[in-house]
Amino acid sequence: MTRTITVGTDGSAESRAAAEWAAREAALRRLPVRLLHVWQPVLESMAKAPPLGAETHRYWTERIPREAAEGLGLRHPGVEVTVEQRAGAPAEVLLDAARDAELLVLGSRALSGLTGFLIGSVGQAVVARAEVPVVLVRAGEQAADEHLKDPAGIPSAATGFRPVVLGLDTDSPDGTVIAFAFEEARRRGATLTVVQGWNLPPYYASSLAAGVDPSEGVVREQAAALTGALLPWREKYPDVEVTEESRLGSPAGHLVDAARDASLVVVGRRVRHSPFGGHIGAVAHAVMHHATTPVAVVAHD
């Protein structure tokens with residue numbers, strides 16, 4: 001079966017933004033886009049009620065995904081767009097569809113009056129269990145938001161891409177996540193900014209009490225660890241410009257800060273085979289809810 005970029009769509013502003021992002025990504029990857037519309041069957045007695053009559057039900061299950069596909073095809077003429085409709089629990093249907101997808105793309109919306117974005121229970125369940133990378137796109141996301149401003153300081157989709165940002169834990173660097181970030185940077189012709197956040201070791205306090213400040217040594221050690229982890233990847237992707245940022249403090253906080261000037265943020269999610277369901281790590285969870293740019297969550301062992 002042909003691999004696709006699959007988008008969960010329901011006609012909302014966030015799913016429309018997700019579909020537009022997916023079409024742009026599909027053009028970079030030369031893959032088709034599949035718009036997946038999931039609907040939950042309703043009881044026959046409810047379907048006959050005036051607020052949820054046959055015409056309304058048909059509109060939501062047929063017209064909206066069809067019109068979305070037609071519009072996407074007009075705006076992205078080089079991308080093949082198909083529509084698929086499935087009935088069932090949204091999270092389960094999306095996870096099943098993701099098995100033969102290259103990427104799964106979902107939308108999220110801003111929290112009114114608060115800092116952050118609402119992923120929703122379906123989105124979180126999918127991210128926590130999906131085996132393929134899941135990309136979260138904010139409502140209102142525009143192509144120009146992922147590009148550098150033009151010489152006049154105006155956002156433009158005609159300029160180069162902003163950097164791709166990768167959050168990396170040098171204690172357990174995973175090749176799947178690193179490769180995904182390098183590939184995304186290469187496709188875009190963008191710089192890859194690799195961000196590592198770390199905290200001072202426990203012995204730091206006792207050393208200070210003894211009149212010794214070891215912080216400079218720790219800074220060098222952490223920076224060297226980041227350089228060492230990236231060395232084989234720099235050799236594998238010599239055409240990708242890499243910037244390394246090793247900073248004291250919260251990894252999630254540094255990633256959210258870096259996301260403000262990025263085209264895409266990439267974080268990993270460790271797969272935990274547990275009878276209690278999937279798991280989203282603290283860093284990935286924070287970035288999902290607070291980064292202002294599209295976020296790719298890549299599962300790894």
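Everything quoted here is computed from the prediction, not taken from an experiment.

A few points about the overall build of the protein chain
- A tally of regular secondary structure across the protein chain gives 10 helices and 11 strands.
- The buried share among the 301 residues of the protein chain stands at 46%.
- Contacts in the protein chain between residues far apart in sequence, at least 24 positions, make up 76% of those at least 6 positions apart.
- With the model as given, the accessible surface of the protein chain reaches about 15000 Å², and the carbon-plus-sulfur share is 55%.

Notes on the packing of aromatic side chains
- The final tally for this structure, using the stated rule, is two aromatic pairs.
- Residues Phe 182 and Trp 233 carry aromatic rings whose centres are separated by 6.2 Å and whose planes lie at 25° to one another, so their mutual orientation is stacked. Taken as a pair, Phe 182 in helix α6 (residues 175-188) and Trp 233 in helix α8 (residues 215-236) lie far apart in primary sequence, 51 residues in all. For the pair formed by Phe 182 and Trp 233, the shared burial category is buried.

Side note on the environment of Val 165
- For Val 165, the position within the fold is in strand β7 (residues 164-167).
- In contact with Val 165, not counting residues within four places along its chain, are Thr 193, Val 195, Leu 255, Ala 258, Ala 262, Leu 264, Val 265 and Val 266.

A word on the nonpolar core
- Membership of the largest hydrophobic core comes to 42 residues, with the highest contact counts inside it found for Val 7, Val 105, Leu 166, Phe 182, Leu 192, Val 194 and Val 266.
- Sequence-distant contacts of Val 266, defined by excluding residues within four places in its chain, comprise Val 164, Val 165, Leu 166, Gly 167, Val 177, Phe 180, Ala 181, Ala 296 and Val 298.
- Counting residues in hydrophobic clusters, the runner-up holds 34 residues, among them Leu 36, Val 134, Ile 280 and Met 288.

Here we look at the packing of helix α1 (residues 13-29) against α6
- Between α1 and α6, whose axes approach to 10 Å, the crossing angle comes to 85°. Of the possible angle classes, the one that applies to α1 and α6 is roughly perpendicular. Residue-level contacts link Trp 21, Glu 25, Leu 28 and Arg 29 of α1 to Phe 180, Glu 184, Arg 187 and Arg 188 of α6.

Overview of the environment of Gly 167
- Position of Gly 167 among the secondary structure elements: in strand β7.
- Through-space distance from the C-alpha of Gly 167 to that of Thr 193 is 8.6 Å; in sequence the pair is 26 residues apart.
- Setting aside anything within four residues of it in sequence, one finds Gly 167 in contact with Val 195, Leu 255 and Val 266.

What about the packing of helix α9 (residues 251-259) against helix α10 (residues 282-290)?
- It is the contact of α9 with α10, at a shortest axis distance of 9 Å, that shows an interaxial angle of 30°. As judged from the angle between their axes, α9 and α10 are roughly parallel. Taken as a pair, α9 and α10 cross one another with a handedness that is right-handed. Within the contact between the two elements, α9 uses Pro 251, Ala 252, Leu 255 and Val 256 and α10 uses Val 283, Ala 286, Val 287 and His 290.
- Looking at the contact of α9 with α10 residue by residue, the classes come out as seven nonpolar, one polar and no charged.

Side note on α1
- Helix length check: α1 (17 residues) gives 24 Å between terminal C-alpha atoms against 24 Å at 1.5 Å per residue, within 8%.
- One or two residues past the end of α1 sits Arg 30, with phi positive at roughly 60°.

Some details on the confidence of the model for the protein chain
- Residues with a pLDDT of 70 or more make up 83% of the protein chain, whose mean pLDDT is 87.
- Considering only residues more than four positions removed or in separate chains, one finds that residues 208-212, a stretch of pLDDT under 50, has two contacts.

Definitions and limits used
Here the residue index of a chain counts from 1 through its sequence in written order. For this predicted model, a pLDDT threshold of at least 70 governs which residues receive local features, and a threshold of 80 or more governs which side-chain atom pairs are given and counted, while totals over whole chains, interfaces and linings are taken from all residues. Side-chain measures here rest on the full set of heavy atoms in the structure, leaving out hydrogens and waters. In this description a helix means any DSSP run of H or I spanning at least four residues, a strand means any run of E spanning at least two, and both kinds are numbered starting from the N terminus. Think of it in three bands: with a 1.4 Å probe and only protein chains considered, a residue is buried below 20% of the maximum accessible area for its type, exposed above 50%, and partly exposed in between. Any pair of residues with heavy atoms lying within 4.5 Å of one another is described as a contacting pair. Under the convention used here, a 1.4 Å probe and the Shrake-Rupley method define accessible areas, while residue burial counts only the protein chains that appear. Stacked, tilted and edge-to-face are the three classes applied to pairs of Phe, Tyr and Trp rings, where Trp contributes its six-membered ring and a pair requires centres within 6.5 Å; stacked means planes under 30 degrees apart, edge-to-face means over 60, and tilted covers the rest. Nonpolar cores were defined as sets of buried Ala, Val, Leu, Ile, Met, Phe, Trp, Tyr and Cys residues, with membership established by side-chain atoms within 4.5 Å. Under this scheme, a helix contributes an axis fitted over its contacting stretch, all axes are lines through C-alpha atoms, and angles between N-to-C directions fall in the 0 to 180 degree range. For classification purposes, an angle smaller than 35 degrees is called roughly parallel, one larger than 145 roughly antiparallel, one from 65 to 115 roughly perpendicular, and anything else oblique. Take the far helix as your reference; a near helix turned counterclockwise from it by less than a right angle gives a left-handed crossing, and one turned clockwise gives a right-handed crossing. Note that Gly is not counted as nonpolar here; it falls among the polar residues with everything else outside the nonpolar set of Ala, Val, Leu, Ile, Met, Phe, Trp, Tyr, Cys and Pro and the charged set of Asp, Glu, Lys and Arg. A helix is expected to span 1.5 Å for every residue after the first. pLDDT measures the predictor's confidence residue by residue and takes values from 0 up to 100.

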